[in-house]
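# Examination of the molecular architecture
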Amino acid sequence: MPALASHRKPRTRVRTSSPAVGLTTAALASVTLLSTQSATAAPAEPKPSIEEVQKKVDDLYRQAGTATQEYNKAKAASTQQRSKVDALLEAAAKRADKLNETRRELGNYAAAQYRSGAIAPTATFFLADDPQSYFDQDQLMARMTSQQQKAVADFRTQQSEAATKRVEATKSLQTLTESQTTLRTSKQQVQNKLAEARTLLSELTAEEKARLAELERKKEAEARRKAEELARQQAAAAKAEADRAAAEEASKGEADTGTGTGSDSSYASKADKVLAFARDQIGKPYVWGATGPSSYDCSGLTQAAWKAAGVDLPRTTWDQVEVGTRVATADLKPGDLVFFYDDISHVGIYKGDGMMIHAPKPGANVREESIYYMPIYGSVRPA
């Protein structure tokens, strides 16, 4: 009897090696891909040093100072142009009123001629908005009295003047619009620079901020050292000048040993008022574009301080540096204006001993500081 065939399914052999090999291959491919990407990726920029951050922040504040002066210039121009436009519009309105008055007078003449039986074209001539085309008609002019002829001549003059004023007002309005556009642009530039500086500072760690503060203290200490050296030099020069003057007076045998001239004493009197005003502002915040009384930018403070002494300075550092007499740093006197940076974007009031009073930058208050805290451009004596 033949053996019965088995009905059990044949055992399926499980291959365990292929998936493992596939997985390993995929992993190797991933590692290779990552290695290739790492090799070809651009290296990350190194984090700037604290010294570089300090330099960048200082530069941004300087750029903001420059943009602030642009803003001040545009604002002053806009204010001046607005006054001019208002005056021109007022003048144009007055011309129009006078023109209408003369037109009414001419209308009365025309009506009188009409009632007396004059020809109709005469009335048309007098009442026309633009009677220029009639002026060359001798037969019409002959019909008018001397008084009427004068009224017509006045009308022509007033009409021309009114048109001229309208043109001037239109041009001035265009200039005003341009000034206001510059004003908005400068304002945005200031805000952008300050925002960039704030972002840089906000990204510093507590340790980095401490190191930055230490760098700032060193910078201030070095500036004070230079100020003290200037103070010693100025004191020595003043003593030498006093000794020379005293010897000169003694050689003349005169009792009066006064060394000051009338001009010197006049300037000193004004400078006392300037510095008294400036000291009263110490502690008030710097605000770009501000001219007081609660806050100031740098040129706003110098302008207000000298105004307290009866001297009107222009609004911007660029214009203030052109006022008065240039003086060397070694010859500075209290009240003189000291300007900073190659672009003349900052100014302070010299108080003596190498120190000044100034409105420094956003986030700081009006304070006393060494004139060597920033690179000096030059100095002027305003009065």
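Rules and cut-offs
- Residues numbered from 1 in each chain as written.
- Predicted model: local features only at pLDDT ≥ 70, side-chain atom pairs only at ≥ 80, totals over all residues.
- Heavy atoms only, no water.
- Helix = DSSP H or I, 4+ residues; strand = E, 2+ residues; numbered from the N terminus.
- Buried < 20%, exposed > 50% of the residue type's maximum accessible area, 1.4 Å probe, protein only.
- Contact = heavy atoms within 4.5 Å.
- Areas by Shrake-Rupley, 256 points an atom, 1.4 Å probe, with all protein chains shown as cover.
- Pairing = 2+ DSSP bridges.
- Salt bridge = Lys/Arg side-chain N within 4 Å of Asp/Glu carboxyl O.
- Axes fitted to C-alpha atoms, helices over the stretch in contact; angles between N-to-C directions.
- Phe/Tyr/Trp six-rings, centres within 6.5 Å; stacked < 30°, edge-to-face > 60°.
- Lys NZ or Arg CZ within 6 Å of the ring centre and 35° of its normal.

Let us look at the overall build of the chain. The helix and strand tally for the chain stands at nine helices and six strands. Taking all 383 residues of the chain together, the buried fraction comes to 34%. Sequence separation of at least 24 residues holds for 67% of the intrachain contacts in the chain that already meet a minimum separation of 6. Accessible surface computed for the chain: about 23200 Å², of which carbon and sulfur atoms make up 54%.

A few words now on the pairing of strand S6 (residues 376-381). Looking along a regular strand, one sees side chains alternate from face to face of the sheet. Here strand S1 (residues 325-327) runs beside S6; their pairing, made up of three bridges, is antiparallel. Within the sheet, the bridge partner assigned to Val327 lies in S6 and is Ser379. Of the pairings in the sheet, the one linking strand S2 (residues 337-340) to S6 comprises four bridges and is antiparallel in character. From the neighbouring strand, Phe340 faces S6, where its bridge partner is Ile376.

Further remarks concern the pattern of salt bridges. Opposite charge on two side chains permits them to pair, given that their charged atoms come into close proximity. The final tally for this structure, using the stated rule, is 16 salt bridges. A salt bridge links Asp264 to Lys333, with the nearest nitrogen and oxygen atoms 3.6 Å apart. With Asp264 in helix H7 (residues 262-280) and Lys333 in the loop between S1 and S2, the pair connects residues that are 69 residues apart, well separated along the chain. What makes Lys333 partly exposed here is its relative accessible area of 33%. Among the charged side chains, a network of salt bridges with common partners joins Asp59, Arg62 and Asp343.

Mapped onto the fold, Thr157 is located in helix H5 (residues 146-202). Given a relative accessible area of 41%, Thr157 falls into the partly exposed group. Along the primary structure Thr157 and Leu99 are separated by 58 residues, whereas in three dimensions their C-alpha atoms are 9.1 Å apart.

As summarised here, the arrangement of the six strands in space is S1-S6-S2-S3-S4-S5, forming an open sheet in which the pairing is antiparallel. Here the strands that pair on one side only, and so sit at the sheet edges, are S1 and strand S5 (367-370). Pairwise comparison of adjacent strand axes, ignoring direction, gives a mean angle of 40° for this sheet. Relative to S5, strand S4 (residues 355-358) is paired through four bridges, and the arrangement is antiparallel. When the sheet's bridge partners are listed, His358 is paired in S5 with Arg367. Along the sheet, helix H6 (residues 206-252) contacts strand S3 (346-352), S4 and S5; its crossing angle with S5, the most-contacted strand, is approximately 80°. In the packing of helix H8 (residues 298-307) onto the sheet, contacts are made with S2, S3 and S4, and the angle to S3 comes to roughly 45°.

The next subject is the packing of aromatic side chains. This structure, assessed with the given rule, holds two aromatic pairs. Ring plane angle 80° and centroid distance 4.9 Å describe the contact between Tyr71 and Trp288, whose orientation is recorded as edge-to-face. In this pair, Tyr71 sits in helix H2 (residues 50-115) while Trp288 sits in the loop between H7 and H8, placing the two residues 217 residues apart along the sequence. By relative accessible area, which is 13% here, Tyr71 ends up buried. Residue Trp288 is classed as buried on the basis of its relative accessible area of 18%. Both rings, one in Tyr267 and one in Trp306, keep their centres 5.8 Å apart while their planes meet at 35°; by these two values the pair is tilted. Placement of the pair is Tyr267 in helix H7 and Trp306 in helix H8, with a sequence separation of 39 residues. Each member of the pair, Tyr267 as well as Trp306, carries the same accessibility label: buried. The aromatic ring of Tyr267 is capped on one face by Arg381, whose charged end is 5.6 Å from the ring centroid.

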